[in-house]
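What the coordinates show
Next come the chains, spelled out residue by residue.
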Amino acid sequence: MSASPGEVSEGGNIAACTSTPATMRAVQLRAYDGNAKSIAVVELPVPRPGPGQVLIRVAASPINPSDLMFIRGLYGFKKPLPAIPGFEGSGTVVEAGSGMMPRFLKGRRVACAAADPNIAGGMWAEYLVTSAQLCVPLSKQVDMEQGATMLVNPLTALALMEEARLGRHRAIVQTAAASALGRMVVRLSQKFSIPTINVVRRAEQVDLLRKMGAEHVLNTSDPGFDASLAGLCHRLGASIGFDAVAGEMSARVLRAQPRGSRLLVYGALSLEASQIDPASLIFEGKRVEGFWLTAWLRQRNMLSQLRVTRHVQQMLAGDLQTEIRARLPLKEIAHGLEQYASKMTGGKILLLPLTQC
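Note that the coordinates shown come from a computational prediction; the quantities given were computed from them, not determined experimentally.

This part is about the packing of helix α4 (residues 153-166) against helix α11 (residues 302-315). Across the interface, α4 lies against α11 with an axial gap of 10 Å and an inter-helix angle of 115 degrees. Taken as axis vectors, α4 and α11 run roughly perpendicular relative to one another. Where α4 crosses over α11, the two elements pack in a sense that is right-handed. Note on element contacts: α11 touches α4 through Arg307, Val308, His311, Val312 and Met315, opposite Pro154, Leu155, Leu158 and Glu162. Of the residues contributing to the contact of α4 with α11, the split by class is 6 nonpolar, 1 polar and 2 charged.

Quick look at the structure:
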């Protein structure tokens, strides 16, 4: 096999399963235009870890909304092109660079992230080099598939819930409540007995959440939605909101909340900038804040990070469980992206780079 980039044949790199090869398969992004022709599976040299880094043999990596935004050039940062997409996943540390943390992780199963804008590598590959600080050792009861989906949704859901609990908020209002993360918030709100107003946009999503036991579910398509939302927010005291949609929805939720409320915007599924009524900020003392998990974690010391990641792993089989609807090899990335984008609430699609072995 040649080490120079090129289209990969179906035969593949069988040696990758038993030893670290010279080359690997990877999904390569060539332009931030959202065009399927700008994504291809290629063959590249396997990277080597530097100081503070580890080389991971990737077991699984999901497709997330943040990945779709990254491919379209709409995420908070862009990596140098050509780049390998995929922000989170799981695998085994097979090589370690210098440093105590990399040496500690060698040979361990980990959940990991590829969230450094200065590194072109990503999780949609057979191998990844990333910072040891972006790796979390997996406990024995967590399998690679659940570990692959641990960092983005479960950790964000738990972090958002911690914001609500530490702020002593009486109730929560959330958008995109039928998403994987939204359903985790529903289960956590039930666990911690915090009433949650769940905003969705289709009737089948209302039914989905009702079956989970969600009491307060509102459909944006229903007549009188805004009045119903404001009535519930004031009656329950929903002084904190979690918004994954942005666009005009940010303004509608903030307007419905009681005085002095917070709205944490953690996504932009609408692909639009948040629209906010200045009157909500000026006359009602409300606040709109961005929420990025990476920054939230950086504000915590190592012991605090270990505590929260341990807590997440204990809940992966229950309240923070991720539904997997399809498992695909890298060569089916185009189909996977299309399938996931068409119905993001239908469960995660996992890429399994070494399934051909």
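Right, picking up where we left off after that structure.
What follows is about the pattern of salt bridges. Within this structure, the stated rule accounts for 13 salt bridges. Between Glu95 and Arg48 there is a salt bridge, with its nearest N and O atoms 4.0 Å apart. Of this pair, Glu95 sits in strand β4 (residues 88-96) while Arg48 sits in the loop between β2 (39-45) and β3 (53-62), and the two are 47 residues apart along the sequence. Note on Arg48: relative accessible area 44%, which makes it partly exposed. Two residues, Arg252 and Asp226, come together in a salt bridge whose shortest N-O distance is 3.0 Å. Here Asp226 lies in helix α7 (residues 225-236) and Arg252 lies in helix α8 (residues 248-256), a separation of 26 residues in the sequence. A relative accessible area of 17% means that Arg252 is categorised as buried. One continuous salt-bridge network, built from bridges that share partners, spans Glu163, Arg262, Arg287 and Glu289.

Moving on, we come to the nonpolar core. Met24, Ile63, Trp124, Ile333 and Leu337 are the most contacted members of the largest nonpolar core, which totals 45 residues. For this core, the leading source of residues is β2, giving 5 residues. Aside from chain neighbours lying at most four places away, what touches Ile63 is Leu68, Trp124, Ile333, Gly336, Leu337, Tyr340, Lys348, Ile349 and Leu351. The next biggest cluster of nonpolar side chains, apart from the first, holds 35 residues, and it includes Ile240, Tyr266, Trp296 and Val312.

What follows concerns the pairing of strand β15 (residues 348-351). The side-chain alternation of β15 yields two buried faces, one formed by Lys348 and Leu350 and the other by Ile349 and Leu351. Relative to β15, β3 runs antiparallel, the two sharing 2 bridges. Following the sheet pairing, Ser61 is matched in β15 by Leu351. Looking at chain direction, strand β14 (residues 324-328) and β15 are connected through 4 bridges and run parallel. Looking across to β15, one finds that Ile324 is bridged to Lys348. Once the chain exits β14 it traverses helix α12 (residues 333-342) before rejoining the sheet at β15, and the crossover so formed is right-handed.

Turning our attention to the side chain of Gln28. Positionally, Gln28 belongs in strand β1 (residues 23-29). In this structure the side chain of Gln28 is engaged in a polar contact, spanning 3.3 Å, whose partner is the side chain of Arg30. Here Gln28 is in contact with Ser38, Ile39, Ala40, Val42, Leu44, Pro82 and Ala83, once residues within four sequence places are set aside.

The next point concerns the environment of Val58. Its place among the elements puts Val58 in strand β3. C-alpha of Val58 to C-alpha of Trp124: the two residues are 66 residues apart in sequence and 8.2 Å apart in space. Discounting residues that sit within four places of it in the chain, Val58 has contacts with Ser90, Gly91, Met123, Ala125, Glu126, Tyr127, Leu128, Pro353 and Leu354.

Procedures and definitions
- Residues numbered from 1 in each chain as written.
- Predicted model: local features only at pLDDT ≥ 70, side-chain atom pairs only at ≥ 80, totals over all residues.
- Heavy atoms only, no water.
- Axes fitted to C-alpha atoms, helices over the stretch in contact; angles between N-to-C directions.
- Helix = DSSP H or I, 4+ residues; strand = E, 2+ residues; numbered from the N terminus.
- Parallel < 35°, antiparallel > 145°, perpendicular 65-115°, else oblique.
- Left-handed = near helix turned anticlockwise from the far one by under 90°.
- Contact = heavy atoms within 4.5 Å.
- Nonpolar A, V, L, I, M, F, W, Y, C, P; charged D, E, K, R; others polar.
- Salt bridge = Lys/Arg side-chain N within 4 Å of Asp/Glu carboxyl O.
- Buried < 20%, exposed > 50% of the residue type's maximum accessible area, 1.4 Å probe, protein only.
- Core = buried A, V, L, I, M, F, W, Y, C linked by side-chain atoms within 4.5 Å.
- Pairing = 2+ DSSP bridges.
- Right-handed = clockwise from strand over helix to strand, strands pointing away.
- Polar contact = N/O pair within 3.5 Å; in protein donor to acceptor, adjacent residues only side chain to side chain.

Spatial relationships are all this shows, so hold off on functional conclusions.
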